Amino acid sequence: MNSRSLILGAALGAAMLSGAAFADDNTVTIGMILPMTGPSASTGKQEKAAAELYIQQHGDTVAGKKIALIIKDDTGAADVTKRLAEELIGNDHASVLMGFGLTPLALAAAPVATEAKVPEIVTAAGTAMITEKSPYIARTSFTLPQASAPMADWALKNGIKKVVTIVTDYGPGVDAEKWFGDMFEKGGGTVVEKIRVPLKNPDFAPFLQRVKDDTPDAVFVFVPSGQGAVFMKEFVERGLDKSGVKLIGTGDVTDDDLLADMGDAALGAVTTHHYSAAHDSPENEAFVAAFEKANNGMRPNFMAVGAYDGMALVYKALEKTKGDASGDALIAAMKGMSWMSPRGPVSIDPETRDIVQNIYVRKVEKVDGALYNVEFATIPNVKDPFKAAKY
Ligand code: DHB
């Protein structure tokens, strides 16, 4: 090879490199990691549909950048989540990681986000401490303390004095048990028994027999999205629906994805949560109609709204940075961001990077023949109380 072809070769290499960089610079890749299969597949299905709807409605160009959404199935296994996070950043040059169906999965990606300085948008998981695991995490779902503490307040004001708590035995369940229980007892109530049920293949029946024997005024429940129907079935089989024990909890148990098929046993259940498909606002009416239309009539649940707002947060941050997709610029732009969500007004707490939002008290009722969580009271602008106590 003569010197001329060497120089040419070098120039070509440089051109190819800059070509690659050019393509990268104009595309912002969002790597979404979801459980599309396995026990949490309903979360994956809802979140994927919502993220795609957001792009369909808002276009795939923001601040001059093309948005590429890559969705990967982690099957609900944390080691797979971590590997996919590394691959999305290393091979696909993802500027943002998003999704994570369960707390352990969100935690598995945190060190990868920190090391690569890539924002991790948590759109499903709800254990309070998740956002403390990386300065690059922001959350658009909710926290269990945020949803559980207001339930204690409602129970105390509505003649409930004796409660059994029953929660899934991992991060969000432990948070729900603590924040409902502590607030309820502080207000003069009694938690007679605290029951924890395994996350995998839960069988609630023996625990529900214990609830019946305890004769409490109410049972407070947290189960993750997707498990509410099994809980309700066993609640009825044990005759608890006819025993006068009131069903209360966070809204995960009366998940909109399953509620329509739960049967009348769910009627009257009172829960506190950040989203109901029945939320009465023009934004939500439009969201539900578009979501159902795009997905064969599937009703959006709180996971869908978490992903929809995750996309909104990325779009709004990119507009603010004028298309600068570096991790530090994006996470800085996300801090303090506020917008109108289908769930109501939301913002990202600049100190904690956690979502501040209304929590609604809802009761399961029939609306036009179908079961819905009908909101009847609002606690506005609730910060995660776990972190509010520290900052
Ligand atoms: C989590 C998962 C859920 O499905 C849910 O409803 C709430 C919390 C979690 O793993 O953090």
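Residues numbered from 1 in each chain as written. Predicted model: local features only at pLDDT ≥ 70, side-chain atom pairs only at ≥ 80, totals over all residues. Heavy atoms only, no water.

A. Local environment of the sheet that holds strand S4 (residues 96-99). Pairing is mixed in the open sheet, where six strands are placed in the order S2-S3-S1-S4-S5-S6. With partners counted over all chains shown, the strands left at the sheet margins are strand S2 (61-62) and strand S6 (137-139), one partner each. In this sheet, strand S3 (residues 65-73) lies alongside strand S1 (residues 27-34) in parallel orientation, the contact comprising eight bridges. Counterpart to Thr27 in the pairing with S3 is Lys66. Sitting on the sheet, helix H2 (residues 41-58) touches S1, S3 and S4, and the angle it makes with S3 is about 170°. (Pairing = 2+ DSSP bridges. Helix = DSSP H or I, 4+ residues; strand = E, 2+ residues; numbered from the N terminus. Contact = heavy atoms within 4.5 Å. Axes fitted to C-alpha atoms, helices over the stretch in contact; angles between N-to-C directions.)

B. Seen up close, the domain arrangement of the chain. Here the chain is described as being made up of domain 1 (21-142 + 283-353) and domain 2 (145-273 + 359-388). Computed over C-alpha atoms only, the centres of domain 1 and domain 2 are separated by 28 Å. Summing the contributions of domain 1 and of domain 2, the shared interface buries around 1900 Å²; its carbon and sulfur component is 54%. Taken as a group, Phe142, Arg299 and Phe302 account for 35% of the area that domain 1 buries against domain 2, more than any other trio of residues on that side. If you look at where domain 1 meets domain 2, you find three salt bridges. Residue Arg299 is joined to Asp256 by a salt bridge in which the shortest nitrogen-to-oxygen separation is 2.8 Å. (Domains from an automatic or database assignment. Buried area = accessible area lost by both parts, 1.4 Å probe. Salt bridge = Lys/Arg side-chain N within 4 Å of Asp/Glu carboxyl O.)

C. Focus on the side chain of Thr123. Structurally, Thr123 is set in the loop between strand S5 (120-122) and S6. Here Glu47 takes part through its side chain, which lies 2.5 Å from a polar atom of the side chain of Thr123. What Thr123 contacts, discounting residues up to four positions off in sequence, is Glu47, Met98, Gly99, Thr140, Ser141, Met303, Gly306, Ala307 and Gly310. (Polar contact = N/O pair within 3.5 Å; in protein donor to acceptor, adjacent residues only side chain to side chain.)

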